[in-house]
Amino acid sequence: KNLKIALGIVAILLAIYFLNQNNQKKYTVTEIPVLSINQNDIFSFTITNPTDSITISRVDTTWEIPGNDTLKIIQRSIDTFFDKVITVKKGTLISKNKDKWGIYSVHDSNAIHLSLYDESSNLINNFYIGQSKSNYANSYIRTENDDNVYLTSENISYYLRPTSNYWGEKPVEIVPTDTTTSK
């Protein structure tokens, strides 16, 4: 009789455990890419914040800052842009309320605005990125045609600087050395 009671209690505990595990799955955050596009389809992008703006364009396989022939693109900045920004994932839905965009710094007036363009200069998408005042590990993001604000998988605002010195550097001049010696 004691064995039947013990087995019954174990069966009940196992049932409760599996029900709890099943219910917990509802609360896990699934992260999905913000942008589902091949990186090779991006030929130009513009980064704008409330005070500055920069456009980076690809000509064949070379990236350049249009209208600036004195700076050479820093390849590390381009690589980081594609490795971090373009592949960022959105996770937790933060707000569906358009009136709260200002709180999350994703309003047109206070966000970092990223526009991506294809080979024909057609707009692929506009993104508005905001930085949390208390959470420096993630950013907030929304797209132009969506009122929803999401938390990103990592902070990408650092990689979206609209300054030419972040994206370009003056080319190093090679000064020929004089191999002849005069006597």
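Notes on the structure follow. Please read all numbers here as calculations on a predicted model, not as lab measurements.

**A word on helix 2 (residues 75–85)**
Then comes step 1: Within the span of helix 2, buried status applies to S77, I78, T80, F81, F82 and V85.
Then comes step 2: Contacts made by the buried residues of helix 2 are with strand 2 (44–48), strand 3 (53–59), strand 4 (62–64), strand 5 (72–73), strand 7 (112–117) and helix 3 (164–167).

**Description of the side chain of T152**
Then comes step 1: Tracing the chain through its elements places T152 in strand 10 (residues 149–152).
Then comes step 2: Classification of T152 as buried rests on a relative accessible area of 2%.
Then comes step 3: A distance of 2.6 Å separates a polar atom in the side chain of T152 from the backbone oxygen of E154.
Then comes step 4: Discounting residues that sit within four places of it in the chain, T152 has contacts with V88, K89, K90, N138, S139 and I141.

**Describing the sheet that holds strand 9 (residues 139–143)**
Then comes step 1: Taken in spatial order, the nine strands of this open sheet run 1-6-10-9-8-7-2-3-4, and their pairing is antiparallel. Taken across any chain shown, the strands that pair with only one partner, and hence form the sheet edges, are strand 1 (32–33) and strand 4.
Then comes step 2: Sheet topology places strand 3 next to strand 4; three bridges connect them, and they run antiparallel. Bridge pairing in strand 4 places S57 opposite E64.
Then comes step 3: Those strands touched by helix 2 are strand 2, strand 3, strand 4 and strand 7, and its axis lies near 100 degrees from that of strand 7.

**Things to note about empty space enclosed by the protein**
Then comes step 1: If you walk through the whole model with that rule in mind, you get two cavities of 30 Å³ or more.
Then comes step 2: Space inside the largest cavity adds up to approximately 80 Å³.
Then comes step 3: Elements with a contribution of two residues or more to the lining of the largest cavity: strand 7 and strand 8 (123–131).
Then comes step 4: In this structure, the second largest cavity spans a volume of roughly 40 Å³.
Then comes step 5: What lines the second largest cavity is simply V34, K90, I141, R142, T143, D146, N148 and Y150.
Then comes step 6: The greatest single-element share of the lining of the second largest cavity, amounting to three residues, is contributed by strand 9.
Then comes step 7: Broken down by class, the residue content of the lining of the second largest cavity amounts to three nonpolar, two polar and three charged.

How each quantity is defined
Residues numbered from 1 in each chain as written. Predicted model: local features only at pLDDT ≥ 70, side-chain atom pairs only at ≥ 80, totals over all residues. Heavy atoms only, no water. Buried < 20%, exposed > 50% of the residue type's maximum accessible area, 1.4 Å probe, protein only. Helix = DSSP H or I, 4+ residues; strand = E, 2+ residues; numbered from the N terminus. Contact = heavy atoms within 4.5 Å. Polar contact = N/O pair within 3.5 Å; in protein donor to acceptor, adjacent residues only side chain to side chain. Pairing = 2+ DSSP bridges. Axes fitted to C-alpha atoms, helices over the stretch in contact; angles between N-to-C directions. 1 Å grid on protein atoms, 1.4 Å probe; cavity = no way out; pocket = protein on both sides within 12 Å on 5 of 7 lines; lining within 4 Å. Points joined across faces, edges and corners; volume = space filled by probe spheres on them. Nonpolar A, V, L, I, M, F, W, Y, C, P; charged D, E, K, R; others polar.

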